[in-house]
Amino acid sequence: QAPLVETGGGLVQAGGSLRLSCVASGSVFKIATAAWFRQAPGMKREWVASITNGGYITYKDFVKGRFTISRDDAKNTLYLQMNSLKPEDTAVYYCAVPTYEYWGQGTQVTVSS
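Heads up: these notes are all about the structure in this document. (Residues numbered from 1 in each chain as written. Predicted model: local features only at pLDDT ≥ 70, side-chain atom pairs only at ≥ 80, totals over all residues. Heavy atoms only, no water.)

### What about the side chain of Asn76?
Counted only if it meets this: Helix and strand assignments follow DSSP, with helices taken as H or I runs no shorter than four residues and strands as E runs no shorter than two, numbered in order from the N terminus. Polar contact is defined as a pair of N or O atoms within 3.5 Å, subject to the rule that within protein one atom must be able to donate a hydrogen and the other to accept it, and that residues adjacent in sequence are counted only when both atoms are side-chain atoms.
Summarising the element assignment, Asn76 is placed in the loop between β7 (67-72) and β8 (77-82). There is a polar contact of 3.5 Å between the side chain of Asn76 and the backbone oxygen of Gly26.

Quick look at the structure:
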């Protein structure tokens, strides 16, 4: 399987912004749906956003208007731009290509009050 590597997490105060990146070793984002998930401490991993290979985008309801998923096929990179962050957004964020069961190692996002 092709590896996925997430970067861009960190500590930010409520109302701040972060941009997460996910780099694939190949062009898998051109042929399959890519997605972001997150997992808070003690909680089940949950879906956040998806983008199909054709560019159709969907979001979890609670992040609509704040998060933007996108990709750069030339760089084999998936992005999640996160604005107006809230403490409840605190979690480990993962990128994935579920069809091929590709998962990254995760990047920590912590939002303080």
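### Digging into the sheet that holds strand β1 (residues 4-7)
Whenever strands of a sheet pair, they do so through backbone hydrogen bonds, lying parallel or antiparallel. Put simply, the rule reads: What makes two strands pair is DSSP finding at least two bridges between them. Throughout, an axis means a line fitted to C-alpha atoms (over the contacting stretch in the case of helices), and angles, computed between N-to-C directions, take values from 0 to 180 degrees.
Read from one edge to the other, the open sheet built from four strands follows the order β1-β3-β8-β7, with strand pairing classed as antiparallel. Strands at the two margins of the open sheet, each flanked by one partner only, are β1 and β7. Geometrically, the sheet is characterised by an average inter-axis angle of 15 degrees between neighbouring strands, direction not taken into account. Sheet topology note: the strand β3 (residues 18-24)/β8 ladder contains six bridges and is antiparallel. Bridge pairing in β8 places Val23 opposite Thr77.

### Here we look at unusual backbone geometry
Look at Asn76: it is not a glycine, yet its phi comes out positive at around 50 degrees. Notably, Glu101 is not glycine yet its phi reads approximately 55 degrees, a positive angle. On the secondary structure map, Glu101 appears in the loop between β9 (91-97) and β10 (102-103).

On their own, these measurements won't tell you what the molecule is for.
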